[in-house]
Structures are given as C-alpha cells and as structure tokens.
Amino acid sequence: MRRILLLLLFACAANAYAQNAVLRGYVTDEADGQPLQGVNVVLRDDGGAFLGGASDRDGLFAISGIPPGQYYLEASYIGFVPLLDTLTLAAGEILPYNFALAAGGEETDLGDVMVEEERETAGAAAVTAGLQTIRPADIQMIPSPDLSGDLASYLVTLPGVVASGDQGGQLFIRGGEPTQNQVLMDGILIYQPFHLIGFYSAIPSAILNVSDVYAGGFGAKYGGRMSSVIDISTRNGNKRRFSGEFSAAPFISAGLLEGPLIRDRVSFLMSGRFDVIDQGASRIIDSQLPYSFNDQFVKVHAITSENTQVSITGLRSFDRGVLGALTQAEADSTTNQVLWKNNAIGSRFVLLPTRIPVQAEMLVSFSSINNSYGPELKPTRSSRAEEISASANITHFSGYTDISWGMYFKFNRLDSELFGIFQDISDETEFVSEAGGYIQTEIPVVDEDNLSFDVEPGIRLSSFPSKGRNFIEPRLRAVLTYGIHRVSAAAGIYHQEFVGLADRRDAGDVFTAWTSSPSGEVPRAYHLLGGYQIRPAHWLRVAVEGFYKDLANLSVAEWTSFPRFTVAIEPAEGTVRGGDARVEVDTGPFYGFINYGYSKVVYVAHQTEVEYWFGPGGYEYSPPHDRRHQVNALGSLHFGNFTLNARWQYGSGLPFSEALGFDEFVLMDGPKDFFAEPGQTRVLYSYPYSGRLPDYHRLDISAEYAFEFGRSTALTILASGTNAYDRTNLFYIDLFTLERLDQLPFIPAVGLKLEF
Amino acid sequence: MRFPSLILVLLVAVALTSCDESINPILETDRQYTLFGTLDMATDTQFVRVIAIRPTLTAPDQKLDIIFTSQQAGSDIIHTWTDSIHTFEDGSAGHIFYAPFRVHAGKYYNIAVHKPGSELATTAFTQVPNHLEPSVQQEKLTWVQTTTLVATQRILWWSLDEDPYDIVQWYRFFIFDDYGFVDIRINHQPASKASDTHEGFWETRLDLVRDRDSLLANHPEMFTRGFLAGLGMTLTVLDKDWTPPGGVFTAEALGQPGTLSNVVNGFGYIGAVGRFSAEWLIQDTSAITLGYRVLDSEAFPDVAAQVWNAPVGSLEQVRE
C-alpha cells in the first residue's frame, strides 16, 4: 500500500510538472556558509509577472511550476547585498541553483515584490495560529545574568507560558504540563530541555539557528505530545574559518568553537557550558543555590554534493540540585536531591533528487533521560526513558501546492524504580514500538496581489502494535492575509502515549516518572485557536489570539489528607481557555514589546474519597500552573556597540492549597478503645488549590558594551541586575513547616564574552 | 510607545507593586476542635478524644483549657467531663476526656466543648439506638434420612431495621466442680450476617449443630464437665448516622475532613453505641439430642432457679 502511494505521488508530481521547470537550491551566508532562512527569491519575466519563494531553515528555496523561458532572478535578504541574475529554464528542467549572499546590503528595494518577510512568524507579535518563531537576536535582548542569553529566558516572556520559577526547570505552555511539550533539536527529541536554574535551557542560544514554538494547533508533521512543540534548528559550523567565543558570568561559563573540517564542505560546531555557581553566584546571593548543571553540544555538518547534506548532532546535559533548601545542611543533604541527564544524538540527511521536484529528509536519532530523586548512587526513585527513532519527511514542490508527507518508526524503552512512590505505576521495564505517518499540504485557496488564503490540512496516523492502539489525528491550519491584516486559525486532535508523572502537589518536587498512560486510556487533546494580526506601520505590529484546549485522560496525583511520601494516580480531564494580546515596536535603535496573556486551566479529577467531601461528579480545581494573568514588557535600546535591555514580568498568583489546620484522625469504624489509638496526623485541607499565592513580578535590566578589535574579534562586557528591585517573589510555602521559599533575590552580575 | 514612556510605565508599575507580600496558608476558621468518641451503653464511663485544631503539623504539648459538657436531651443533668493526658504506645500524647455515667437506649445527647468565656462552642449531637425487643423462637430439630441432624433457631430483633455492627453469641455452661457458670463465645459468626432485614424486625438464624460442633472442637470439656445452662447473644448497634460513605469504613474516605462528621464547628465523630442482649434456653430434649448434658432441676434446685427463673434477655453479660 505504501509503495503504491509513493509511486502515485511521484507519478503525479512528475506528470503534472513535466512541462514546467523547477528552480531550487540553497542560500548561504558568504561569510561562514550558514544557511540563510527567509531569503526572498523571485523570478520575473519580461512582462513583469513573477514567481517566487522563500528559503527555509536549511536555506533551501524551491520555485516550481515555472513556464519555460528567460527570467530575471532577484534574491534579497535584509542586511545582505541582493543577488541579481538572468536564467533560462527549459521545459521540464529542474535547475539546481545554490548561491551565497554577502553581508553589507542596505535597504532592499524590490518594489512591491516581497514573497515572504524575513520570517513571517518571527517577532514578539508575529504569532500565527499559535506559531511564533524565535531567533537568536530575539533572545539576546532578554536581560539575563550572563552574556550568552538563553532560549528559556525568552520563552517565559511569551504570554501563556508559565514557569515553575527561577528554579525547577518546568515550563507550562498554554496550560500544558512540561512533559506534554515536545522539544525537538534538529529533529531529535529532548526529554528535559531546561536546567534546574530557570534562566537556562539545555540548548545555548549561541548554537541556535531558529526555534519554532507552536503553543498549540501544530500540524500533522508533529505528534506524540499533546500540548505544544518547540522545534529548534541549530546552526551549522562556520565553513570558512575557525571562530569561537568564551564567556564568564556568575552562573555559567561557556565556550564555543566552530570551523571548517573541509573548507566550504564540512564544518563542526561544539559548545560547552558549565555552572560556576559555587565560584560566582553563591558569593553574591544570600540564598542557598545547591545546583550543579552543564551541557555540551557537538554538530558536524557536511555538504556531500550539490544535492545532498548530512549532519550529526549530539547533546548532553546534566542537572543536580536540591529545591527548597533553606539552610546549608538542607543544601548539602542528598535526601531531596533531584538529578537528570539528557543524552541525545542523531543524524539528518537531506536529499534533493535531481530528476523530481522533491526534498527528502531522513532522520535517525537516539535520546534518553535519566531522572532520579535522592542520593545519586542510591536514589529513592528513578526513571529512565529512551527513544530510538527513524523517520523520513518528503516534500513535493509544485506550482500550486506543496505536499509533505512522512513516516516514522520509534522504539521506546521505559524503566522506573519508584519503590512504591507512585502507587499505581509498575516498576517493570516497558518496551513499546510505534509506527506511523502523516500527510499535509499547503493549499493556496486564494493567491492574489493583496489577498491570500492558505489552508494546510493534514492527517497523522500513529500505531502502537504492542499496545494494540491506533490513532488518527486530523489537523488543520489556515492563514488569511489581506494587506496589513492577517487572520489565522488552527485545530487538531492530539494523543500522547507516553506521559511524565509528577507530584504537582509539591512544588519542590520536580521528579518525573516516564511511563505509558497509567490508566490505560491514552491522554488526548483537542486544540482550537484563532488570531488576528495587524501591521499598521512597518515599525508596529499588534496581535491577538484566543485558544481552547480540551484535555482528557489526564493523570493527576490523588488528593489525600494524610501527609505521606506515596502518590496514587487518579484520572482527570481538563480544559484550557485563554487569549493574549501583543504589541511589538521596532523603530531601529529601539525595540520593544508588551504582551498580556489570560489563561484559565481547569481540571476535573475523579477521586471517590474527595467526592464524599465535596460532592459527586468529580472535583473541579485549578492546577498549580494556572496563572490567570500575565504581562511581559521588553525594551531594548541599541546605540552603536552599546545595548541597554529591560524586561518586566508580571504574573498573577498561582493556585495552592490552603488548610484549616492539622489534627489527628481516628478511624471511626466502630466502637474504639481510644487509649490504644494515637491517631494519624491529618491535614485539614480546604478545597484543593483554592488559594492563590501572591502575584509575581520582576524587573531585569542589562547593559552591554562590545569592544571590537579588528574585523572579527570583540570583547563584550555585561552589567546586569536580575530582579532589580529585589522583589520577594514566593516560590512555594511548605504547609507542614510554614517555611517559605522565595525566588531568587536581586542578582547583580558582570560578565565578559570574547568572540573571535 | 516611545522608550522613555515605557520606562515610565515600568517605574510606576514597580513603585506600585514592589512591596513584599506575606502569606499564611492556614485559613482562619471557626472550627476549633476535633472530637472522636463514643457514648456506649456497655460502659459506665464515657470517653472522647479531644484534639485542638492547630496551625502547625506537630501538636503543642500543653494542657487543653476547655470546658467539656454533655447533657441528655430532656434532662437537667449536665455532666462535666474531665481531661486526662494519655501517652500512647507510639510515645505521642493525647487528651482523652471522660465522664462517669451510663447512656440509655433511644436517648439523645448533646456534647459541647468551648473555651472558658467563649460563646463559640464545638458541639455534637448523637442518639443512642432505640431499645431492641428480641423474640426467641422455638428451636427446630429435624433428622434428615435418620442420620443427619438439622437444628436451627430464629431470634427476631424487633425495632431493628439495619444490620447490627457486631453480634456476639455465647453458650452458658454450669461447671459443677467449680459450682459456677462459664460463658463460651462462639467464634464463628452465627448466620446473622446472612439474615434478612424484614419489615419491623431483624432476624438471626442459629445453626445449633454447627455451634455444637464448634464447641466440641474447641471446648470438649464442656460436654463432660459442664451442663448447658443457656444460650445468649448480644447485638452491638451503631447510631443511625454512623454510616460510612460508600458503605465501607476506610481511612482515605473517612479521613477527608467533614466526611462522617456530626461535629459542629469542628471535625470528627461522636458515635453512640447500643448493646442489646438476649438469653434463653432450649428444651432439654433438644439439648440432649445435640449432645449436651442438662441439669436435673430436682437435684440442683438452686442452680436451676438461677437459670430458669431468669426472664429472656435479662442477663446482659458476655464473657469471652
């Protein structure tokens, strides 16, 4: 069946476009051979009619359905010298056309011919049907205590993204749990992409090319997670010369080295970051910081021929720490120590067949997470998940529409030793295989000068033979653009076979146990979202977006009045609804945005005992990540080599459970001898999560100055203040001891970065 | 928004919101005490555990300065209970209040706990189960195919329309050597649990052969040294409100505050326990057929008088 489908697709593509030509190729930066994304490539004929396309994250562009003839080619990209050329295309010709753009161009003047802006989903207010693209330049504007910047710092400025705080490394996106977010780096799954210190992800911004963040409504290409997708592509190493950077700051020291192994053909990129908390941050902050973390990244990229590229990427990250330590003794104790290690490696092969207008991508990867709690050598619980994945993604370029389809096979191993902590989860090693495929197409329903309407329907099929489960997941994305207006919408069905269980009742416990869906019912989500965006001036963009998610078959920790170390899992369902508004200003030297997000997350859990207390039908509550209101504001001023950044965050209080007090409970199951019954200590909880912590807000500022030495050497000095007005933001309060743990206080920092 | 304006907005926002906020996760409440106890017809002293609801996990080791009273509805008598600090086996301590009085079937009792000078009281209200009227039916002995004996007896408990909490059944023997009575408890439950609740009464059905076999196995000396001097049964009945949600007593269910609670301005449960007994004799011929020895009333008239002159249900004592 699959072969027949393949043949049909290839035959259709070949026949339909036998008479038309195809122009395709890679666009790179002449300076270092990096692919350039968003380059507009336009073919104009003598009559002025034009065809065009924009390059993707690989720098690949493809223009198909070109009638034979002579054309003027114009390729432009902001900040680069435009390329002009004349081409003659024969009927049925597939012309490879790789070229490099040189930096230094001024304002690009292509008249009204702009196929695609630099990246139409890039920018703080450029959200399109849940998708926002994050560039390294965006990340650099977020004040942080070090010079390298980090994706994690940027993500928490997005409305609808809730972090567990400065500590914990947990990110909730539009109501989704951290383990419901899929983070892919060059197509490789990263299980736990954030470090324990909330400023940092496991993926430094210095290696980033671009990150697509789908807060919901993602297309059929993605699957296996039910909330969001963060699709990160990393840079290739410099193919022209060796370069690098080293930085030092109170939390982290980082180094990066890249260069050609074979000039213009093979490059490497490697980076490493190590915490220096003991030597730096601990000396300037009057708080316990019992954290240790590091990450290492290596990538080798090769242009193996005019039509083929291959890369091998590896990432390792390590985190160890104690959340909630108030004293040195608690910080030194390993009893409550949490540890996780990510290991990921994968290869990506990209092929442009010479005879058919197709791009083929093949991915093979391995990734794993080791998560434990307690002493490192003898943890009180541990969990390990591994995934071996092989997939192929094919895109057919045609004049009318591009068709993408793919198939994959995954082999998963899940292994936990929970020692009864999660009462319903088996400690047996689980092996689960998964196979599936998808097909999606982008149909330009309307394509006129000032009006376009693109619809992207898709369907994804997943099969778990060892579980006897199959899922069919229809997806739909649509974008209507009319002049300065853009309306977008997305919807889809999502399933998640593998879940990460965490005891969210305890904010200080970030241990996650990976397992198959414990109830036997696979978690499922429906997404529906829609937005409007307007760009009334080139320096101003305004966007609003609303979303709704319906969640089923969730697993939540049981509610119990007895303080204890074990957790029983109870079924729940939920809804997430909300909306956000964004304003983005870019006047050149000043860039800024302000956004507001509203979100309401409601779970309904089913636990017989609690229903005795609060009534039948499940108990409805707001889970601890239900932050209702958020405001993020960023201002960045750039004068020559001087940059001043300020960011202010506000978040309304997170839910927590209040109590009426404590007592002892005697089981009154009949007449008792009260002299023989000491009773069991009990928490007299009020309604679960009915209280709200105080609001959270923080101002971060940073100033940087870069001293340049020659063409490619620079020394940048940073001075920053995180939590500049020393707001005492509460992380959590221990109900049993009434001790509060606050987020990090004012952190003054200086840092240095040397680039060469 | 121009940059200076943004800075101004930020500064105003900071000025308005930079104060610290404290938080107390323990809510204020009128619920002051948790009470666990029983008013039991079987005892002449009543006990109630009193736990002050506290804002910390660990209990302070201090005296409870409270006034604990109880009053039977319709009566002027108010009992003031006495505090005792009891150290449990696990080393923890608790306040157990007690008062020496008996409670009576069908009566209502009000319990109140309050601090001296405070009008706010933690109260509970409970009713001891109504008096039960047992009706002992004549035992029936039947031989099946001349080799198998079937012997049953029905006891009807009028006014009981729910399953009792517990049933204790015993056989009374007169030990001539000691010149005294011994009550032997039947360890297996009588057929009571299988009994049906009928309109107006609740029925216990005894299997006299099974009882005999049990006694023979566990106390064979009663068949050589003792004389059957009576049968008895005590039903323990809980008050009508003492019903667990879902029908099963579990810590997870009952541990939810407010679940199975009759305490106002507090938590916990004060139950009332009714104890109702019946004693009777079976016919000598039946006893002998079952293998028991019976007293010769003419030879031992004083013993016989004790046994036979007692009205059914008047002997309210059970010995294990």
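Residues numbered from 1 in each chain as written. Chains lettered and ligands numbered in written order. Predicted model: local features only at pLDDT ≥ 70, side-chain atom pairs only at ≥ 80, totals over all residues.

1. Topic: the overall build of chain A
Argument step 1. The secondary structure content of chain A amounts to six helices and 46 strands.
Argument step 2. Against the compact-globule benchmark of 27 Å for 756 residues, chain A has a radius of gyration of 27 Å, which places it among compact chains.
Argument step 3. Taking the principal axes of the C-alpha coordinates as reference, chain A spans close to 100 × 60 × 45 Å.
Argument step 4. The proportion of buried residues among the 756 residues of chain A is 50%.
Argument step 5. A separation threshold of at least 6 residues defines the contact pool for chain A, and within that pool the share at least 24 residues apart is 65%. (Helix = DSSP H or I, 4+ residues; strand = E, 2+ residues; numbered from the N terminus. Rg over C-alpha atoms; globule rule 2.2 N^0.38 Å. Buried ≥ 20, exposed ≤ 12 C-beta atoms within 10 Å, placed from the backbone. Contact = placed C-beta atoms within 7 Å.)

2. A short note on the domain arrangement of chain B
Residues and elements named next belong to chain B.
Argument step 1. On domain assignment, one finds that chain B holds domain 1 (33-130 + 242-272) and domain 2 (133-237 + 274-308).
Argument step 2. Summarising the inter-unit geometry, the C-alpha centres of domain 1 and domain 2 are found 37 Å apart.
Argument step 3. Contact residues are listed per partner, giving seven residues for domain 1 and four residues for domain 2. (Domains from an automatic or database assignment.)

3. Comments concerning the interface of chain B and chain A
Argument step 1. Counting residues at the interface gives 55 residues for chain B, matched by 54 residues for chain A.
Argument step 2. Here the side of chain B that touches chain A gets seven residues from one element, more than from any other, and that element is helix 1 (residues 3-17) of chain B.
Argument step 3. Class assignment of the residues belonging to the side of chain B that touches chain A gives a composition of 30 nonpolar, 17 polar and eight charged. (Nonpolar A, V, L, I, M, F, W, Y, C, P; charged D, E, K, R; others polar.)

4. What to know about the pairing of strand 9 (residues 131-134) of chain A
All names here are of chain A.
Argument step 1. Side chains L131 and T133 of strand 9 all project onto a buried face; the interleaved residues Q132 and I134 project onto the opposite face, where all are buried too.
Argument step 2. Relative to strand 14 (residues 208-214), strand 9 runs antiparallel, the two being bridged by four bridges. By the bridge assignment, L131 is partnered in strand 14 with Y214. (Pairing = 2+ DSSP bridges.)

5. A closer look at the sheet that holds strand 7 (residues 108-114) of chain B
Residue and element names in this part refer to chain B.
Argument step 1. Read across the sheet, five strands follow the order 4-3-7-8-17 without closing on themselves; strand pairing throughout is antiparallel. Each end of this open sheet is capped by a strand with a single partner; those strands are strand 4 (78-80) and strand 17 (263-264).
Argument step 2. As paired strands, strand 8 (residues 121-127) and strand 17 are joined by two bridges and run antiparallel to one another. Along strand 17, the bridge assignment pairs T123 with V264.

6. Considerations on the nonpolar core
Argument step 1. Ranked by size, the top nonpolar core spans 189 residues in total, and within it L151, L155, M185 and I190 of chain A together with L35, V50 and I270 of chain B carry the most contacts.
Argument step 2. At seven residues, the largest contribution of residues to this core is made by strand 18 (residues 266-280) of chain B.
Argument step 3. Counting 24 residues, the second-largest nonpolar core is a separate cluster that includes V39, I66, Y77 and F397 of chain A. (Core = buried A, V, L, I, M, F, W, Y, C linked by C-beta atoms within 7 Å.)

7. Side note on the confidence of the model for chain A
All names here are of chain A.
Argument step 1. Averaged over all residues, the pLDDT of chain A is 88; the fraction at 70 or higher stands at 94%.
Argument step 2. Note that pLDDT drops below 50 for residues 1-17; the model gives that stretch 15 contacts with residues more than four away or on any other chain.
Argument step 3. Across residues 107-118, confidence stays below pLDDT 50; counting only partners more than four residues off in sequence or on other chains, it has 19 contacts. (pLDDT = per-residue confidence, 0-100.)

8. Details of the confidence of the model for chain B
Residues and elements named next belong to chain B.
Argument step 1. Averaged over all residues, the pLDDT of chain B equals 83, while 83% of them reach at least 70.
Argument step 2. Contacts for the low-pLDDT stretch residues 310-320, under 50 throughout, to residues beyond four places or in other chains number 21 contacts.
Argument step 3. Both scores are given for the predicted complex: the pTM is 0.85, the ipTM 0.85.

9. What about the domain arrangement of chain A?
All names here are of chain A.
Argument step 1. Segmentation of chain A into domains returns domain 1 (2-101) and domain 2 (131-654 + 693-755).
Argument step 2. Its C-alpha centre places domain 1 at a distance of 33 Å from the equivalent point of domain 2.
Argument step 3. Contacts between the two partners involve 24 residues from domain 1 and, on the opposite side, 25 residues from domain 2.
Argument step 4. For the side of domain 1 that touches domain 2, the secondary-structure elements that each account for two or more residues are helix 1 (2-16), strand 1 (21-29), strand 4 (60-66) and strand 7 (94-96).

10. Examining unusual backbone geometry
Argument step 1. Backbone geometry places D264 of chain A, a non-glycine residue, at a positive phi of 70°.
Argument step 2. What makes D264 of chain A exposed here is the crowd of 12 C-beta atoms within 10 Å.
Argument step 3. Despite not being glycine, S159 of chain B has its phi angle at roughly 75°, a positive value.
Argument step 4. Following the sequence through the fold, S159 of chain B ends up in the loop between strand 11 (148-158) and strand 12 (166-175).

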